[in-house]
Amino acid sequence: MPLPSDRIKAWWRCFAVQGSWNYRTLVGGGIAFGMLPMLRRIYAGDPVRLAEAVQRHMRSFNGHPYLCAMAVAALARVEQDGIEPETVERFRTALRGPLGTVGDRAVWAQWRPACLLISVVMFLLGAGPIASAAVFLLLYNSGHLVVRTWAFVKGWEAGLAVGPLLKDSWIEHFTRRLWPLNLLMLGGAAVLLGTRLVRAGAPAGLEAPLLGLGVVVALWAFRFPKQGGRLAGALLLLAPMVWWIGDLTR
Amino acid sequence: MPWSELAVGPGTWMLLVAAGAAFGMDAVSWPQVMISRPLISATVGGWLFGDPEAGMVVGAVLEIYALRHAPLGAARYPDTGPAGLVSGAAFAATGGHAMGALLASVVVGWALGWIGMVTVHVRRRLNERVLSPAADLAADPGLLEHRHRLAIWLDGLRGSVLVASFAVPAILVAAVAASLDWTSLGGVGVLVLTLGVAAATGSAARASSFGVRGWPLLVAGAAVAVLLIAGTSP
């Protein structure tokens, strides 16, 4: 049975779960790396079964990196419970989808943009850069640590029964409420940033027409996000060229 | 601070390269606390060159551009940690005021982000070899731990090499841009950049929303900001 100190070591290793990410096994190497402090305890004195377990868990696996802590803990639990390897493999496969979907939708699509936009808006409204950066890092990582720790603790407690924890989880409930706030802040941040740029270097009197044109462009990019991203990149390259050409032809 | 007065010691350059390693590792390998976001890395770059505010201005533009990219599965996206650091440092090093330097710093930062993405791809391929042969690593778990940690350090090395290779050229480009005369077309350049920010905003908003029904909120946020600006303008 893994000691609490083994579980703490495994939890800490989950921060590096993507350290050897590659196209063949994705995060598989990191899962095995994370589980090792617990696997060594479970298979103490039996190097053959330890090697078999490590090889099992080095196989291809994917999931959101923060929620991979749940996979590390739950897979160690099923090894501890002596579940047969075929069931472990099926369990691994079943975990992949939900761990990726829940984490991607909650953390990458909502929580991270929300914390970043709070920081950007604070800065553009006059807060200092160090304070704005600190707010982002503290706010974001408070949620980050809660998710990683919850995932690890619940994974160890539940073992094979982690499925219901992910289905309709509190993480999704919480972050699903963030998207309206994110859109509000994104619209506000764009106007504040655009105004700052325009006031610093554009000809006077163009703010209002630019705002109208900017809203049209933003809504078009919202409707067609892929093309909008390409347009944004093209305009980014065009901006210094327009200015440079102007300087050359002066 | 004019470019001609820029005098930074070797300690600053060493810190810059060390920060490049930390930001290079953070995005994927360890510990994913998001110091690698351009908003943070550009601010640190600006701070190292004496002007965190200038760094954060560049970082805010790059962040709006970066928001639409999410690290889903094997997706490829700009590596914004080292790129933000270099671009924030470049704008701060050239005084943090000239619009030409801002445009140049943002463009250099975005281009370096895509170059960084190529190095991330190479690293992903390299990791396939680092974790081979799997049977040997399974038989010797200590070797697996060693190889996994090696992969993390290689990612840090990747970030520091990127910063060491591109910091001086980026600062030179920003310095040249800052030294050129500001013409009326420069103002047009700012307008073009602002429209680019608008396009990036719309694209990022869609990535954060569930379907297309959220657009009124985007407009409402813009309207609130306009009211705030109108209320604070003299």
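Just above, that's the structure.
Residues numbered from 1 in each chain as written. Chains lettered and ligands numbered in written order. Predicted model: local features only at pLDDT ≥ 70, side-chain atom pairs only at ≥ 80, totals over all residues.

## Side note on the overall build of chain B
Okay, step 1: Regarding its fold elements, chain B presents 9 helices and 0 strands.
Okay, step 2: Secondary structure elements of chain B, listed N to C terminal, follow the sequence α-α-α-α-α-α-α-α-α.
Okay, step 3: In terms of principal-axis extent, the alpha carbons of chain B reach across some 70 × 50 × 25 Å.
Okay, step 4: Split into buried and exposed, the 234 residues of chain B put 59% on the buried side.
Okay, step 5: Long-range pairs, those at least 24 residues apart, make up 77% of the contacts in chain B with a sequence separation of at least 6. (Helix = DSSP H or I, 4+ residues; strand = E, 2+ residues; numbered from the N terminus. Buried ≥ 20, exposed ≤ 12 C-beta atoms within 10 Å, placed from the backbone. Contact = placed C-beta atoms within 7 Å.)

## Quick notes on the overall build of chain A
Okay, step 1: When helices and strands are tallied, chain A shows 11 helices and 0 strands.
Okay, step 2: In terms of C-alpha radius of gyration, chain A reaches 24 Å, well past the compact-globule figure of 18 Å for 250 residues.
Okay, step 3: The principal-axis extent of the C-alpha atoms belonging to chain A is close to 80 × 35 × 35 Å.
Okay, step 4: Per-residue burial for chain A yields a buried fraction of 52% across its 250 residues.
Okay, step 5: At a minimum sequence separation of 6, the contacts of chain A that also span at least 24 residues come to 74%. (Rg over C-alpha atoms; globule rule 2.2 N^0.38 Å.)

## A closer look at the interface of chain A and chain B
Okay, step 1: The interface is formed by 94 residues belonging to chain A together with 95 residues belonging to chain B.
Okay, step 2: Elements with a minimum of two residues in the side of chain A that touches chain B: helix H2 (28–42), helix H3 (47–58), helix H5 (85–124), helix H6 (129–158), helix H9 (179–201), helix H10 (207–223) and helix H11 (225–248) of chain A.
Okay, step 3: Take the side of chain A that touches chain B: its biggest share by element is 20 residues, from H9(A).
Okay, step 4: A class-by-class count of the residues in the side of chain A that touches chain B yields 64 nonpolar, 24 polar and 6 charged. (Nonpolar A, V, L, I, M, F, W, Y, C, P; charged D, E, K, R; others polar.)

## Some points on unusual backbone geometry
Okay, step 1: A cis amide bond links Trp30(B) to the next residue, Pro31(B), at an omega of -5°.
Okay, step 2: Within the secondary structure, Pro31(B) is located in the loop between helix H1 (10–26) and helix H2 (38–48).
Okay, step 3: That bond from Ser132(B) to Pro133(B) is cis: its omega, -10°, falls within 30 degrees of zero.
Okay, step 4: The topology assignment puts Pro133(B) in the loop between helix H5 (99–130) and helix H6 (134–139).
Okay, step 5: Residue Leu26(A) is not a glycine yet carries a positive backbone phi of 55°.
Okay, step 6: With respect to the helices and strands, the residue Leu26(A) is situated in the loop between helix H1 (4–13) and H2.

## Points about the nonpolar core
Okay, step 1: Of all hydrophobic cores here, the largest spans 165 residues; its most connected members are Ala69(A), Val72(A), Ala189(A), Ile64(B), Ala89(B) and Ala174(B).
Okay, step 2: Looking at this core, the element that brings in the most residues is H5(A), giving 14 residues.
Okay, step 3: Filtering out sequence-adjacent residues up to four positions away, Ala174(B) remains in contact with Ala90(B), Phe91(B), Ala93(B), Thr94(B), Ala101(B), Ala104(B) and Ser105(B). (Core = buried A, V, L, I, M, F, W, Y, C linked by C-beta atoms within 7 Å.)

## Let's talk about H9(A)
The periodicity of an α-helix, 3.6 residues per turn, causes residues three or four places apart in sequence to face the same way.
Okay, step 1: Taking 1.5 Å per residue, 23 residues should reach 33 Å; H9(A) reaches 33 Å between its end C-alpha atoms and fits that length.
Okay, step 2: Within H9(A), 18 of the 23 residues are buried, which leaves it mostly tucked inside the rest of the structure. (Expected span 1.5 Å × (residues − 1).)

## Observations regarding the packing of H2(A) against H3(A)
All names here are of chain A.
Okay, step 1: It is at 8 Å that the axes of H2 and H3 come closest, and there the two elements cross at 150°. Judged on the interaxial angle alone, H3 and H2 are roughly antiparallel. The handedness of the crossing between H2 and H3 comes out as right-handed. Where H2 abuts H3, its residues Gly28, Gly29, Ile31, Ala32, Met35, Leu39 and Arg40 lie against Leu50, Ala53, Val54, His57 and Met58.
Okay, step 2: In terms of residue class, the contact of H2 with H3 is made up of 8 nonpolar, 3 polar and 1 charged. (Axes fitted to C-alpha atoms, helices over the stretch in contact; angles between N-to-C directions. Parallel < 35°, antiparallel > 145°, perpendicular 65-115°, else oblique. Left-handed = near helix turned anticlockwise from the far one by under 90°.)

## Details of H10(A)
Okay, step 1: Taking 1.5 Å of rise per residue, 17 residues should cover 24 Å, and H10(A) covers 24 Å from first to last C-alpha, within 8% of that figure.
Okay, step 2: Here H10(A) has its buried residues at Leu210(A), Leu211(A), Gly214(A), Val215(A), Val217(A), Ala218(A), Ala221(A) and Phe222(A).

## Describing the environment of Ala83(B)
All names here are of chain B.
Okay, step 1: Within the fold, Ala83 resides in helix H4 (residues 80–93).
Okay, step 2: For the pair Ala83 and Leu72, spaced 11 residues apart in the sequence, the C-alpha separation amounts to 20 Å.
Okay, step 3: Residues contacting Ala83, with those up to four places away along its chain left out, are Pro38, Pro78, Gly109, Leu112, Gly113 and Gly116.

## Thoughts on the packing of H9(A) against helix H9 (residues 215–232) of chain B
Okay, step 1: It is the contact of H9(A) with H9(B), at a shortest axis distance of 7 Å, that shows an interaxial angle of 45°. When the axes of H9(A) and H9(B) are compared, the pair comes out oblique. Judged by the twist between their axes, the crossing of H9(A) over H9(B) is right-handed. The residues of H9(B) that touch H9(A), namely those facing Pro180(A), Leu183(A), Leu184(A), Met185(A), Leu186(A), Gly187(A), Gly188(A), Ala190(A), Val191(A), Leu192(A) and Thr195(A), are Leu217(B), Leu218(B), Val219(B), Ala220(B), Gly221(B), Ala222(B), Val224(B), Ala225(B), Val226(B) and Ile229(B).
Okay, step 2: Tallied by class, the residues present in the contact of H9(A) with H9(B) amount to 17 nonpolar, 4 polar and no charged.

## Let's talk about the environment of Gly233(A)
All names here are of chain A.
Okay, step 1: Locating Gly233 in the fold gives a position in helix H11.
Okay, step 2: Look at Gly233 and you get partly exposed, because 17 C-beta atoms sit within 10 Å.
Okay, step 3: Taking the C-alpha atoms as reference points, Gly233 and Val107, 126 residues apart in sequence, are found 25 Å from one another.

## Focus: the environment of Ala32(A)
Okay, step 1: Positionally, Ala32(A) belongs in helix H2.
Okay, step 2: Taking C-alpha positions, Ala32(A) is 8.8 Å from Val17(A), a pair spaced 15 residues apart along the chain.
Okay, step 3: Beyond its immediate sequence surroundings of up to four residues, Ala32(A) is in contact with Val54(A), His57(A), Met58(A) and Leu144(B).

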